[in-house]
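Each chain, written out:
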Amino acid sequence: MNWLLVLAGAAIGAPLRYLTDRAVQSRHDSVFPWGTFTVNTAGSFVLGLLTGVTSAHAHLLLGTGLCGALTTYSTFSYETLKLYEGGAKGYAAANVAGSLAAGLGAVWLGVEASRLF
């Protein structure tokens, strides 16, 4: 049963990631991976929010499934490497530092927001 919850969440999270990434990236005329940055930050916030307000089953569906498919460490790593190899070393460093800061800040805000419920 648990794997079905993860599967259902991932079935929503993966297309949501793709659509969000494309929508955000199309609005920026930059080599910086704003789409990946956005989905990773949003997923961190949602996961932080879920930690205090959901049941175990909801956490499997939304935390593991949805957020797991929405966020992407592998794409973040690949895009950072491509920036670096392409000579955009400043953007690569900004992506690493900014993603870490935004992700940690977002998950913290999510946890704090969950305490209000």
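Up top you'll find the structure we're talking about.
These numbers come from a predicted model, not from an experiment.

Turning to the environment of Val-46, a few remarks are in order. Tracing the chain through its elements places Val-46 in helix α2 (residues 34-53). Taking the C-alpha atoms as reference, Val-46 lies 27 Å from Asp-29; in sequence the two are 17 residues apart.

This brings us to the side chain of Glu-79. The topology assignment puts Glu-79 in helix α4 (residues 73-85). Summary of buried charges: Glu-79 has no salt-bridge partner, and the nearest side chain of opposite charge, Arg-22, is 5.8 Å away. Aside from chain neighbours lying at most four places away, what touches Glu-79 is Pro-33 and Thr-36.

Summed over the entire model, instances satisfying the criterion amount to three salt bridges. One salt bridge connects Asp-21 with Arg-22, and the closest N-O pair in it is separated by 2.6 Å. By relative accessible area, which is 12% here, Asp-21 ends up buried. We note a salt bridge from Lys-82 to Glu-85, for which the minimum N-O separation is 3.4 Å. Residue Lys-82 and its partner Glu-85 are located together in helix α4, separated by three residues, close to a single helical turn.

Thresholds applied
- Residues numbered from 1 in each chain as written.
- Predicted model: local features only at pLDDT ≥ 70, side-chain atom pairs only at ≥ 80, totals over all residues.
- Heavy atoms only, no water.
- Helix = DSSP H or I, 4+ residues; strand = E, 2+ residues; numbered from the N terminus.
- Buried < 20%, exposed > 50% of the residue type's maximum accessible area, 1.4 Å probe, protein only.
- Lys, Arg positive; Asp, Glu negative; His and termini not counted.
- Salt bridge = Lys/Arg side-chain N within 4 Å of Asp/Glu carboxyl O.
- Contact = heavy atoms within 4.5 Å.

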